[in-house]
Amino acid sequence: VYKRQLEDPTAIHRPDALSEIFGEVMLMTNVWKVAVNLHGEVYLLFDRVNDPGETRNLAGSSDREIVALEAHLRQRILERLLQSQIRDDRMRTPE
């Protein structure tokens, strides 16, 4: 996996990045940056392409597309959190 990045620095390793602190989670893609609180509510949502300075928080908008996007990104966060918790015995070193 990493060899591909060394050979081609433009190759995508992962489609997004996940960060967690004190139970709050942030997911960042090439296009979106979203943060959810302890209750799973989106409180930050930025369009990284059209608002690279992150000056316009879209979270909580009543726009149907934004509501759907928030749901999609929350689902992606849950998927990534689940992936981080699944044990893969092939990755374990022998004891």
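If you're wondering where the values come from, they're calculated on a predicted model, not measured in any experiment.

**A look at the sheet that holds strand β3 (residues 32-36)**
And then number 1: The strand order β1-β2-β3-β4 describes an open sheet built from 4 strands, whose pairing is antiparallel. Each edge of the open sheet carries a strand with a single partner, namely β1 (16-21) and β4 (42-47). Between one strand and the next, the sheet's axes are offset by a mean angle of 10°, whatever the strand orientation.
And then number 2: With 5 bridges joining them, β3 and β4 adopt antiparallel strand pairing. Note that in β4 the partner of Lys33 across the bridge is Phe46.

**Considering the nonpolar core**
And then number 1: Core analysis: the biggest nonpolar cluster contains 12 residues, these being Val25, Leu27, Trp32, Val34, Val36, Val42, Leu45, Leu58, Ile66, Leu69, Leu73 and Ile77.
And then number 2: Of all the elements in the fold, those that place two or more residues in this core are β2 (24-29), β3, β4 and α2 (64-85).
And then number 3: Here this core gets 4 residues from one element, more than from any other, and that element is α2.
And then number 4: In this structure, Val25 is in contact with Leu18, Ser19, Glu20, Val34, Ala35, Val36, Ile77 and Leu81, ignoring residues within four places of it in sequence.

Conventions adopted
- Residues numbered from 1 in each chain as written.
- Predicted model: local features only at pLDDT ≥ 70, side-chain atom pairs only at ≥ 80, totals over all residues.
- Heavy atoms only, no water.
- Pairing = 2+ DSSP bridges.
- Helix = DSSP H or I, 4+ residues; strand = E, 2+ residues; numbered from the N terminus.
- Axes fitted to C-alpha atoms, helices over the stretch in contact; angles between N-to-C directions.
- Core = buried A, V, L, I, M, F, W, Y, C linked by side-chain atoms within 4.5 Å.
- Buried < 20%, exposed > 50% of the residue type's maximum accessible area, 1.4 Å probe, protein only.
- Contact = heavy atoms within 4.5 Å.

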